[in-house]
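Okay, here's what each chain looks like letter by letter:
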Amino acid sequence: MEINIISVIEDRLPDLTRAQRKIGEAILFNPKRFVGLSMHEIAVEVGTSEPTVVRFSREFGMSGLKELRIALAMSVGLGEVGESKWQELSHDDKTLILADQKLAIAREAANLVETDGAIFLDSGSTVRQLAKFLHNANPLTIMTTSLPVLLELQGSSQHKLMLSGGNFRRDSLSLTGRLAETAISDLVFDTAYIGADSIDLDHGLSTFSENEAHLTSAVIRSARRVVVLADVSKFGAARLQRICSFDNVDVIVTSAEVPDEILGRLKDKGVRVILSNFSTVAK
């Protein structure tokens, strides 16, 4: 069972020191924003020292701020369906969480594009980062349902860009629905680069949105190869809408922060795992 570190902090807040309470209150006020702050920014904002931020992290069993940020990111969205105050994040909020990891994962995934001619890019925040590494890639036919991906690549004239029709989904700035599924089902992609709200070792890939699950399933059926881009926060309890099992996944590109036990089980399921190192792009 996953532990919601946000709820743990809320329960233990009265027992913390005054300085630590300030940090806890900042987390509870806006946990999504806190994840994107540096240690210096946290210390300045709450009026404490950087060592106090480290001690706060260790108070909750973390080795430091990095591990605390990962735990917070994994807790955003936990809770009973329909009742959690930390449900699906907006596209902009998702982009902020573990941004360094997402960028490193996207850069690693860009190496896989070299063998592709026609690809699909979904609306996930990490896949959006992948688009940034395709500006100088060899000519590709790229289909997407994501408006940010389309805008990111609009100046790359060597690529043929295709945008599906469909209903506009504000949370992800993307197109979904039957029109999008129909457009995708008539095509064949060398590779589909997709994300997921959750990767559960027993239930596979899942998401919050029914429309998103249906659409991604259609993409998977139209692709010769499926590559999943996922930071460490995505490994946890399944969300309501299942996308697919691991039988449909060829490659998962993730970060070295994923526990070895999870990596081993993914490999046992026949999934190729590629690890990135965000420290090389965190400057």
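Everything discussed here concerns the structure shown above.
Just so we're clear, the structure is a prediction, and the values are computed from it rather than from any experiment.

### Observations regarding the overall build of the protein chain
For step 1, the next point in the chain: Counting secondary structure elements, the protein chain contains 13 helices and 12 strands.
For step 2, the next point in the chain: The buried share among the 283 residues of the protein chain stands at 52%.
For step 3, the next point in the chain: Looking at the protein chain as shown, the accessible area adds up to about 13300 Å², and 48% of this sits on carbon and sulfur atoms.

### Let's talk about the side chain of Ser146
For step 1, the next point in the chain: Assignment of secondary structure puts Ser146 in the loop between β2 (141-144) and α10 (147-153).
For step 2, the next point in the chain: Judged by relative accessible area, Ser146 falls into the buried class, the value being 0%.
For step 3, the next point in the chain: Those residues in contact with Ser146 that sit more than four places away from it in its chain are Asp122, Ser123, Leu163, Leu173 and Ser174.

### Structural notes on the packing of aromatic side chains
For step 1, the next point in the chain: Enumeration over the complete set of coordinates arrives at two aromatic pairs.
For step 2, the next point in the chain: An angle of 50° between the planes, with centres 5.0 Å apart, marks the rings of Phe56 and Phe60 as tilted.
For step 3, the next point in the chain: According to the relative accessible area criterion, Phe60 is buried, its value standing at 9%.
For step 4, the next point in the chain: Between Phe120 and Phe189, the aromatic rings sit 5.7 Å apart at their centres with planes inclined by 55°, giving tilted as the arrangement. Pair noted here: Phe120 is in strand β1 (residues 118-121) and Phe189 is in strand β6 (residues 189-194), with a separation of 69 residues, a long-range link.
For step 5, the next point in the chain: The class for Phe120 is buried, based on a relative accessible area of 2%.
For step 6, the next point in the chain: Given a relative accessible area of 3%, Phe189 falls into the buried group.

### Describing the side chain of Asn4
For step 1, the next point in the chain: Tracing the backbone shows Asn4 in the segment before α1 (5-12).
For step 2, the next point in the chain: A distance of 3.0 Å separates the side chain of Asn4 from the backbone nitrogen of Ile6, its partner in a polar contact.

### Details of the environment of Ser276
For step 1, the next point in the chain: Positionally, Ser276 belongs in strand β12 (residues 272-276).
For step 2, the next point in the chain: Overall, Ser276 belongs to the buried group, its relative accessible area being 4%.

### What to know about the sheet that holds strand β9 (residues 223-229)
For step 1, the next point in the chain: Within the open sheet, the seven strands sit side by side as β3-β2-β1-β6-β9-β11-β12. Their pairing is parallel. Two strands lie at the open edges of the sheet, namely β3 (160-163) and β12, each paired on one side alone. If you compare each strand with its neighbour and ignore which way they point, the axes differ by 20° on average.
For step 2, the next point in the chain: Inspection of the sheet shows β2 paired to β3 by four bridges, in the parallel sense. Considered in β3, the bridge of Met143 is made with Met162.

### A short note on the packing of helix α8 (residues 99-110) against helix α9 (residues 125-132)
For step 1, the next point in the chain: Packing of α8 against α9 brings their axes to within 8 Å, and their N-to-C directions diverge by 55°. By the angle class used here, α8 and α9 are oblique. The interaxial crossing formed by α8 with α9 has right-handed handedness. Packed against α8, whose contacting residues are Lys102, Leu103, Ile105, Ala106, Ala109 and Ala110, the element α9 presents Ser125, Thr126, Gln129 and Leu130 at the interface.
For step 2, the next point in the chain: For the contact of α8 with α9, the residue count by class is six nonpolar, three polar and one charged.

Cut-off values and rules
Residues numbered from 1 in each chain as written. Predicted model: local features only at pLDDT ≥ 70, side-chain atom pairs only at ≥ 80, totals over all residues. Heavy atoms only, no water. Helix = DSSP H or I, 4+ residues; strand = E, 2+ residues; numbered from the N terminus. Buried < 20%, exposed > 50% of the residue type's maximum accessible area, 1.4 Å probe, protein only. Areas by Shrake-Rupley, 256 points an atom, 1.4 Å probe, with all protein chains shown as cover. Contact = heavy atoms within 4.5 Å. Phe/Tyr/Trp six-rings, centres within 6.5 Å; stacked < 30°, edge-to-face > 60°. Polar contact = N/O pair within 3.5 Å; in protein donor to acceptor, adjacent residues only side chain to side chain. Pairing = 2+ DSSP bridges. Axes fitted to C-alpha atoms, helices over the stretch in contact; angles between N-to-C directions. Parallel < 35°, antiparallel > 145°, perpendicular 65-115°, else oblique. Left-handed = near helix turned anticlockwise from the far one by under 90°. Nonpolar A, V, L, I, M, F, W, Y, C, P; charged D, E, K, R; others polar.

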